[in-house]
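Take a look at the letters that make up each chain.
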Amino acid sequence: MYKQPGKIALITGGNRGIGLRIVKKLVECEIEVILGVRNPIDSRKAVEAYLEHAKIPLSSCKLHYEQLDIGNMKSVREFAGKIKTKFDKIHLLINNAGVMSVPFKLTGEGFESHMAINYYGHFLLTHLLLPQLKAAGTAECKARVVNVSSCVHKIGEIDYKDINKVKNYYPADAYNQSKLAQVLFAKYLNLMFEEEGMPILSNSLHPGVVNTDLFEHSSTNYIPWVRALLFKNPEEGSRTVVHAAISPKLETRGGCYLSNCREASSHRYWSNSVQCEKLFNFTCDTLRIDDFFYKRN
């Protein structure tokens, strides 16, 4: 844990599970935190109750709650617009919110739920807040983008012919695809940050198999004692995320995939810049982003 007063972090879904523990660790580092959440009022109550239970004085915390439905691109744009009017700099962007193994559903914009929530929304948010990240980073202390993925990305495949799994939907495959997309996105982002000389790092990570309500649609729901016995608890699950966000050891180590606070092996496409760029360009086309890195400005 490193004290970093003056820094501002933005986290999606920081009101429960590992997100709640990430917020706790960030405020302990004296970092100002913006939470993008579905229900700001309920989220404030949950976060403040947790911090008070942890004996952290609320008067010492700088917390902001803004409404965000990360799977709705209109909501993402509105959220980013509010953030940009209030904050000139964002030092840490933690793309944390997610769903797993949910029943098949297309969003109002026609995107499969896993891809919309776990990947597309965070892709768009990162693009929209890139000016704030560039403003925050310096050569000595770069801004950071952290994508919270999963080890199952290693068995994921990007199905460009049926990205929404309309023809053959299996929840685990949809989840794995979205988690692989997060990893390849983080890798390509960092390649471009280096190429363009931007003072930003991008990494992805596996927080561990963590006992949270993310598993509410999984078979482990029928045998919850297995989760309690074998899974990490939320506090343990938050550690690699915070490590990726603030560890000085990673100041020169962008483009990494982390697990248990160490660099780990990833998908076979992780080191394939052609595949990373293919997904990046496909996503830009899907979301109608013409100039992700604002090169024309």
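Residues numbered from 1 in each chain as written. Predicted model: local features only at pLDDT ≥ 70, side-chain atom pairs only at ≥ 80, totals over all residues. Heavy atoms only, no water.

Participant: Looking at this model, I keep getting lost on the overall build of the chain. Mind explaining?
Facilitator: Across its full length, the chain carries nine helices and eight strands. Whereas a compact globule of 297 residues would reach a radius of gyration of roughly 19 Å, the chain reaches 18 Å, a difference of no more than 12%. Based on the C-alpha atoms only, the size of the chain along its principal axes is roughly 55 × 50 × 35 Å. Counting all 297 residues of the chain, 57% fall into the buried class. As displayed, the chain offers around 13,500 Å² of accessible surface, 51% of which is attributable to carbon and sulfur atoms. Side-chain charges of the chain comprise 38 positive and 30 negative groups, with the mean position of each set lying 2 Å from the other. (Helix = DSSP H or I, 4+ residues; strand = E, 2+ residues; numbered from the N terminus. Rg over C-alpha atoms; globule rule 2.2 N^0.38 Å. Buried < 20%, exposed > 50% of the residue type's maximum accessible area, 1.4 Å probe, protein only. Areas by Shrake-Rupley, 256 points an atom, 1.4 Å probe, with all protein chains shown as cover. Lys, Arg positive; Asp, Glu negative; His and termini not counted. Charge placed at Lys NZ, Arg CZ, Asp CG, Glu CD.)

Participant: Mind showing me how you'd approach helix 1 (residues 17-28) here?
Facilitator: Since there are 3.6 residues in each turn of an α-helix, residues three or four apart along the chain are aligned in direction. With 12 residues, helix 1 extends 18 Å between its outermost C-alpha atoms, agreeing within 8% with the 16 Å of an ideal straight helix rising 1.5 Å per residue. For helix 1, the tally of buried residues reaches 10 of 12 residues, placing the bulk of the element in the interior. Looking only at helix 1, the buried set comprises Gly-17, Ile-18, Gly-19, Leu-20, Ile-22, Val-23, Lys-24, Lys-25, Leu-26 and Val-27. Just beyond helix 1, the residue with positive phi is Glu-30, at close to 65 degrees. (Expected span 1.5 Å × (residues − 1).)

Participant: How should I be thinking about the side chain of Thr-126 in this particular structure?
Facilitator: Position of Thr-126 relative to the elements: it lies in helix 4 (residues 113-128). With relative accessibility at 0%, the residue Thr-126 sits in the buried group. Discounting chain neighbours no more than four positions away, the residues touching Thr-126 are Leu-93, Asn-95, Val-145, Phe-185, Leu-189 and Phe-292. (Contact = heavy atoms within 4.5 Å.)

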